[in-house]
Amino acid sequence: LLVEPRDWRAIERWVRETEQRWREGDLGSVDPGSWKALDAEFKAALAPARDALASVRNEAKTQRQALIDEVTALGEHASERDAPARVRAIQARWQEVAKSMPLPQRDERVLWEAFRGGCDAIFRVRDGKRKEEEGRKEEGRRALDDVCAKLEALVGGTDDEAALRRRVRELRDEWRKAPGSERAPPALDARFRKAASAAEGAIAARGRSREAAKWSTMLAKERLCGELDRLVVDGADAAAA
């Protein structure tokens, strides 16, 4: 069994089964004196395999601990883009070590819990960062949505042209300063552009209305002047005029 290349799984299984047969098998009983001598001889025969197995187990523990230390150190860089890939690579190396040299369950469990804890810590940090980023994006979307709603409300409002123009300018500035406006979802960006265009149209309409009112007033005054002129031309009675 100890001839290279060594199958450590086979060696571990053989040692375990051989010791079980020696202690609990159907070999029969012997007198205490013979048992002591036979047991010493058995242990001596088994010693090379047990020593080799203990050595490789210690090496396997060291390898596992090194992987635990590596994944723990990676926790400081959990937010970096390649962190998940690096964790998966370390996990693959853990599986290779675990397959090549199994440990007693009590040792394996303790080391595995420490390793899994390090991996989970990295993904918890990343999950927290992702949720935080999603929260900021959602807050930004709500702010942009609010700007769109305010712009849309201006169209049906009663503000005069100057007030409307000032308010549109303020809302455009508010949109630019809102977090995430440069990466606004296409649908929201289109809504903003449409609302801004409608508001500009409302400003133009108010301007046309103002001009129309001005010209209407001038026309009314012109008519009054014409009536006064006719009174003079017609020689109307001064008192009546």
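Preceding this paragraph is the structure being described.
Quick notes on the rules
- Residues numbered from 1 in each chain as written.
- Predicted model: local features only at pLDDT ≥ 70, side-chain atom pairs only at ≥ 80, totals over all residues.
- Heavy atoms only, no water.
- Core = buried A, V, L, I, M, F, W, Y, C linked by side-chain atoms within 4.5 Å.
- Buried < 20%, exposed > 50% of the residue type's maximum accessible area, 1.4 Å probe, protein only.
- Helix = DSSP H or I, 4+ residues; strand = E, 2+ residues; numbered from the N terminus.
- Contact = heavy atoms within 4.5 Å.
- Expected span 1.5 Å × (residues − 1).
- Phe/Tyr/Trp six-rings, centres within 6.5 Å; stacked < 30°, edge-to-face > 60°.
- Lys NZ or Arg CZ within 6 Å of the ring centre and 35° of its normal.
- Salt bridge = Lys/Arg side-chain N within 4 Å of Asp/Glu carboxyl O.
- Polar contact = N/O pair within 3.5 Å; in protein donor to acceptor, adjacent residues only side chain to side chain.
- Arc of directions from axis to C-beta.

Chemist: Lay out the nonpolar core with the relevant residues and their values.
Modeler: Residues Trp8, Leu53, Trp94 and Phe115 are the most contacted members of the largest nonpolar core, which totals 27 residues. At the level of secondary structure, the elements contributing two or more residues to this core comprise α1 (8-24), α2 (32-74), α3 (83-100) and α4 (105-155). Once you skip the residues sitting within four places of it in the chain, Phe115 turns out to touch Leu67, Ile68, Val71, Ile90, Gln91 and Trp94.

Chemist: Which residues make up α1, and what are the values?
Modeler: In a regular helix each residue adds 1.5 Å, so 17 residues correspond to 24 Å; α1 covers 24 Å between its end C-alpha atoms and thus fits that length. Turning to α1, its buried residues number three or more, namely Trp8, Ala10, Ile11, Glu12, Val15, Thr18 and Trp22. Where α1 is buried, its residues contact α2 and α3.

Chemist: An account of the packing of aromatic side chains is needed here, citing residue identities and associated values.
Modeler: Applying the stated rule across the entire model yields six aromatic pairs. On the numbers, 5.9 Å between centres and 50° between planes, the contact of Trp94 with Trp112 is tilted. In this pair, Trp94 is assigned in helix α3 and Trp112 in helix α4, connecting sequence segments 18 residues apart. Of the residues examined, Trp94 reaches a relative accessible area of 2% and is grouped as buried. Judged by its relative accessible area of 31%, Trp112 is partly exposed. Centre to centre, the rings of Trp175 and Phe192 are 4.0 Å apart; their planes meet at 10°, and the pair counts as stacked. Here Trp175, found in helix α5 (residues 161-177), pairs with Phe192, found in helix α6 (residues 186-233); they are 17 residues apart in sequence, far enough to count as distant. The two residues Trp175 and Phe192 agree in class, both being buried. Ring-pair connections join several aromatic residues into one group, and the members of that group are Trp22, Trp35 and Phe42. Above the face of the Trp94 ring, Arg64 is positioned so that its terminal group lies 5.7 Å from the ring centre.

Chemist: Which residues make up the environment of Ala143, and what are the values?
Modeler: Tracing the sequence through the fold places Ala143 in helix α4. Ala143 sits 96 residues away from Ala47 along the chain, and the two C-alpha atoms are 74 Å apart.

Chemist: Summarise the pattern of salt bridges; cite the residues concerned and give the values.
Modeler: For the structure shown, the criterion picks out 27 salt bridges. Taking the shortest distance from any N to any O, the salt bridge between Asp189 and Arg193 comes out at 2.8 Å. With Asp189 and Arg193 both in helix α6 and four residues apart, the pair spans about one turn of that helix.

Chemist: Requested: an account of the side chain of Arg64, with residues and values cited.
Modeler: Along the polypeptide, Arg64 turns up in helix α2. Side-chain polar atoms of Arg64 contact the side chain of Glu108, separated by 2.9 Å. Setting aside its immediate chain neighbours within four residues, Arg64 contacts Trp94, Val97, Ala98, Met101, Pro102, Leu103, Glu108 and Leu111.

Chemist: Report on α5, specifying residues and quantitative values.
Modeler: The end-to-end C-alpha distance of α5, which contains 17 residues, comes to 25 Å, matching closely the 24 Å that a straight helix rising 1.5 Å per residue would cover. Among all positions in α5, only Glu161, Ala163, Leu164, Val168, Leu171 and Trp175 are buried. Seen end-on, α5 carries its buried residues on one side only, within an arc spanning 155°. Across from the buried face of α5, at angles greater than 90 degrees, the exposed residues are Ala162, Arg169, Arg176 and Lys177. Contacts from the buried residues of α5 go to α4 and α6.

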